[in-house]
Structure formats: structure tokens, C-alpha cells
Amino acid sequence: MPAILFQGSNLKKVFNRSTIFSDIHIELKETQSLAITGRNGSGKTTLLKILAGVLSATTGGVEFSLGGSPIDPIERFRFLGFVSPYLQLYDEFTAWENLDLSRRIRAIHAENSRLQSLLERVGLSSRNDNPVRTFSSGMKQRLKYACALLHDPPVLLLDEPTANLDVDGKSMVQAIIKEQRQHGVVIIATNEPDEVTWSGSILNLDSRPQTR
Amino acid sequence: MTPLITVFLKDLRSELRTRYALNALIMFVVTTISIVLFAIGNENVSVEILSGVLWIIIFFSTMSGLSRTFVSEEERGTVMTLQLMTRPLTVYFGKLLFNFVLLFAMNVFTIALYLILISTFTIKSYLIFTLTVFLGTCGLASASTIIAAIIAKANTKGTLYPVLSFPILLPLLLTVINGTQLAVDGAAVSESFGVFQVLIAYVTVITTVSYLLFPFIWRE
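Owing to the predicted nature of the structure, the values given are computational and were not obtained by experimental measurement.

(A) Structural context of the pairing of strand E7 (residues 155–159) of chain A. Residues and elements named next belong to chain A. Of all five residues in E7, five are buried, a share of seventy percent or more. Every second residue of E7 is oriented toward a common face, with Val 155, Leu 157 and Asp 159 on one face and Leu 156 and Leu 158 on the other, all of them buried. Here strand E6 (residues 80–83) pairs with E7 via four bridges, running parallel. In the sheet register, Phe 82 faces E7, and the bridge partner there is Leu 157. Here E7 runs beside strand E8 (residues 185–189); their pairing, made up of five bridges, is parallel. What sits directly across from Val 155, in E8, is Val 185. For the crossover that starts at E7, traverses helix H5 (residues 167–183) and ends in the parallel E8, the hand is right-handed.

(B) Quick peek at the environment of A:Ala107. Topologically, A:Ala107 is positioned in the loop between helix H2 (95–105) and helix H3 (112–121). A sequence separation of 56 residues divides A:Ala107 from A:Leu51, and the C-alpha atoms of the two residues are 23 Å apart.

(C) Summary view of the confidence of the model for chain B. Looking at chain B, pLDDT values average 92 and 100% of them are 70 or higher. In the predicted complex, the global pTM is 0.92; the interface-specific ipTM is 0.89.

(D) Inspection of H2(A) at higher detail. For H2(A), the buried fraction is high: nine of the eleven residues fall into the buried class. Here H2(A) has its buried residues at A:Ala95, A:Trp96, A:Asn98, A:Leu99, A:Leu101, A:Ser102, A:Arg103, A:Arg104 and A:Ile105.

Rules of the game
Residues numbered from 1 in each chain as written. Chains lettered and ligands numbered in written order. Predicted model: local features only at pLDDT ≥ 70, side-chain atom pairs only at ≥ 80, totals over all residues. Buried ≥ 20, exposed ≤ 12 C-beta atoms within 10 Å, placed from the backbone. Helix = DSSP H or I, 4+ residues; strand = E, 2+ residues; numbered from the N terminus. Pairing = 2+ DSSP bridges. Right-handed = clockwise from strand over helix to strand, strands pointing away. pLDDT = per-residue confidence, 0-100.

Below you can see the structure in the form of C-alpha cells.
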């Protein structure tokens with residue numbers, strides 16, 4: 001895996017004249033990880049979305065380079081994996097079709113065996129032909145992990161990583177994070193004390209100045 | 001398979017499975033043409049009026065169905081899923097292609113029904129009519145798609161869509177009605193060059209503006 005540099009500089013987000021957070025600086029390199037913590041409404045999810053590039057910061061910016069070469073923000077999706085309870089899949093499609101859709105839209109050259117092994121890894125191989133609308137919330141969360149890992153992203157962003165998951169699911173997530181930390185970057189947004197220990201550093205948004 | 005075609009096929013497959021827009025469009029067209037038939041009765045309505053009525057039906061069927069491509073993504077919460085998978089313009093052109101195919105199919109159905117049921121509406125120049133319908137469909141699809149992307153995040157989508165669309169589509173509608181009248185009158189193709197120039201210019205302008213604006217609309 002080439003050298004990774006993932007930076008968020010002077011990030012500030014204002015919603016309807018309320019400052020959610022400000023003066024946030026993040027710098028992570030390969031094998032580094034960060035847990036973003038804070039009370040409900042402190043902006044953990046918002047910060048993660050800004051880092052993922054799906055939400056604009058009011059001020060500040062996110063820069064990402066791979067192997068020393070800066071990555072255009074419009075191409076950042078190729079190198080990020082994102083999992084969140086509010087990320088929705090296509091209910092009318094099966095698990096396989098959702099994963100295949102991700103493969104085709106991202107233009108990933110992956111064999112069917114890769115998709116099959118991912119579904120096995122997340123514990124959905126026996127349900128790959130079932131429509132996602134028949135899945136429980138935990139099964140959907142597992143499928144999101146499969147979609148997030150399909151393109152071997154250097155950076156993994158996880159919002160409430162074990163939400164809706166059973167004990168086996170939590171072990172699965174812990175193993176994924178451990179593996180990702182060996183060569184990539186992991187950023188977790190969580191309030192769970194156990195999950196905070198899965199990362200090497202902590203950013204507590206509660207200790208940041210906010211105005212409401 | 002390119003990402004753009006994948007977005008198009010995703011929407012097509014989803015529509016064939018859920019039939020959100022398709023059923024609404026078919027019912028709208030059948031109902032509207034039936035009402036027009038009852039309203040006309042045995043009256044001898046001029047072909048100019050019938051040309052206008054045809055495009056009124058097409059306009060309102062566009063309004064009833066084409067916003068779904070973006071509104072459904074917002075309602076289901078899959079916007080972020082798409083944002084995380086591909087570039088904004090891939091999404092835009094994939095959905096534009098889907099809207100064009102859907103609208104073209106509906107227009108063919110609408111026109112066939114119109115021609116069959118309203119005997120006084122006859123086309124003398126099928127070349128002019130076909131080109132007018134094709135370019136008109138391109139214009140309707142391109143304008144409707146970008147407006148659908150804009151209103152998808154609004155609270156009052158249903159009202160806002162036709163309100164925003166009408167002033168933008170009005171030049172297109174006037175031109176295609178004019179082109180249809182030329183086709184019905186059996187005018188020479190050379191007489192319709194002005195119509196085609198306007199339609200091609202319209203499609204070019206709207207598509208170019210959409211290309212420039214969509215990345216800003218798509219991202220929060």
C-alpha cells in the first residue's frame with residue numbers, strides 16, 4: 001500500500017447560524033487511526049461526512065494524497081470506504097446485486113469470487129440472492145461492510161461501526177478494523193467506550209468550542 | 001460496462017421492479033387522452049389545437065413521472081450511497097439517459113394512442129414529426145432531469161417541480177407545437193429548419209448548463 005496522508009485542516013461547520021464545530025485539524029498516515037467521540041449532536045457524523053466528501057465544510061478543507069500524489073476531491077470516492085447506519089442500500093435489489101452494482105459503478109476489476117468471499121466474510125453468503133428489503137438492520141449493516149471493502153480502500157470511515165450488529169458482527173468489525181490498521185487509515189465516529197479503544201488516537205468534539 | 005451505463009441500467013432495473021414512474025405515466029396518459037376524447041366528442045377540432053393538446057399531455061406526463069429519478073434517491077436515502085460510489089456527472093448523465101429512454105417510450109405510446117383514437121389528427125410529414133418528437137424529447141428530458149435534481153431536496157417537491165419547469169420548458173413547448181403543426185400541414189422539410197435549429201440549440205444550452213451546475217447541486 002503506498003504512503004497515505006489524510007488531512008483535515010481548520011475544519012468548521014455552521015448550520016443555521018449554529019457552529020457545530022470549529023478549528024478541527026486531523027492528520028493521519030498509513031497505519032494510523034482516530035476515534036471521533038462526543039455527545040449526541042456534537043457533530044461526529046457531520047465531521048465524518050465532511051471527511052468523506054459528501055458534505056462541504058463551512059471553512060477549511062480535506063486533503064488526501066496517496067504515494068505522495070494529491071487525490072482530486074472528485075476522485076476521493078475511489079479510495080474511501082464508508083459505513084454508517086444511515087447509509088441506505090437498494091432494497092429492491094439482492095445483496096449480490098447491491099455488491100455487483102458497487103463493482104460496476106466504481107469500475108472495479110473484481111471477479112465474482114471476490115464478491116462471494118466478501119459476502120462470506122460478512123456472514124451473508126447464504127442470503128446473497130435475497131432482496132435487501134427482507135434483511136434485518138444488522139444484515140444490512142453487514143452488507144454495507146462488504147460494499148465498503150470491495151475496492152480495498154486505503155481509508156475506512158466508520159460511523160457507529162457496530163450499530164445493529166450482534167456479538168459475531170462486532171467481532172467481525174473489530175477484525176476488519178485491525179486488518180485495516182495494518183496498512184491503511186481508519187476513522188471511527190462513536191460513543192461506545194469499547195470501540196474507542198480500537199483506534200490509536202481520540203478526537204473529542206465535546207472539548208471543542210461550539211455556539212448554539 | 002461504463003459507470004454511466006451502470007447508473008442507467010440500475011434505474012431501469014429498479015423501475016421495472018418497482019414501477020413507480022411507469023404506472024403513474026401510463027395511467028396519466030390513458031386517462032388524459034380519454035378525457036380529451038370525451039371533451040372533443042363529435043366536434044371538429046382544428047389540428048392546431050390538437051397539436052397543442054398533444055404536447056400538453058406530454059408535458060404533464062413528464063411532470064408526473066420524470067422527477068422520480070432523483071426524488072426516489074432522496075426519499076430512500078440512497079443519495080449518499082451514490083455520492084460515495086461515483087462522480088457527480090456520471091450520476092447525472094446516467095439518470096439523463098434513463099429519463100430520455102423512459103420519456104421517449106412514453107411519447108411513442110402517447111402518440112400512437114393519440115393517432116389511433118383521434119382520427120382527425122393525421123400526420124402528413126412523418127420526417128418532420130419524428131425529428132420534432134425526438135428533439136423535443138431530448139429537450140424535455142434534459143431540462144426535467146436537472147430540475148428534478150434541484151427540487152429533490154425541497155419539502156414541496158410536487159408543487160415545485162411543475163412551477164420551476166414551466167418557464168424553462170415554455171420555449172421548448174412553443175417550438176415543438178410549431179414543429180408538430182408543420183408536420184400536420186405537410187410542410188416542406190426546409191420550412192422546419194428553424195424549428196430544428198431552436199430545438200438543437202435548446203438541448204445544447206440546457207445540457208451544457210446542467211453539466212456545469214450539477215456537481216454543485218448534487219453535493220450538500
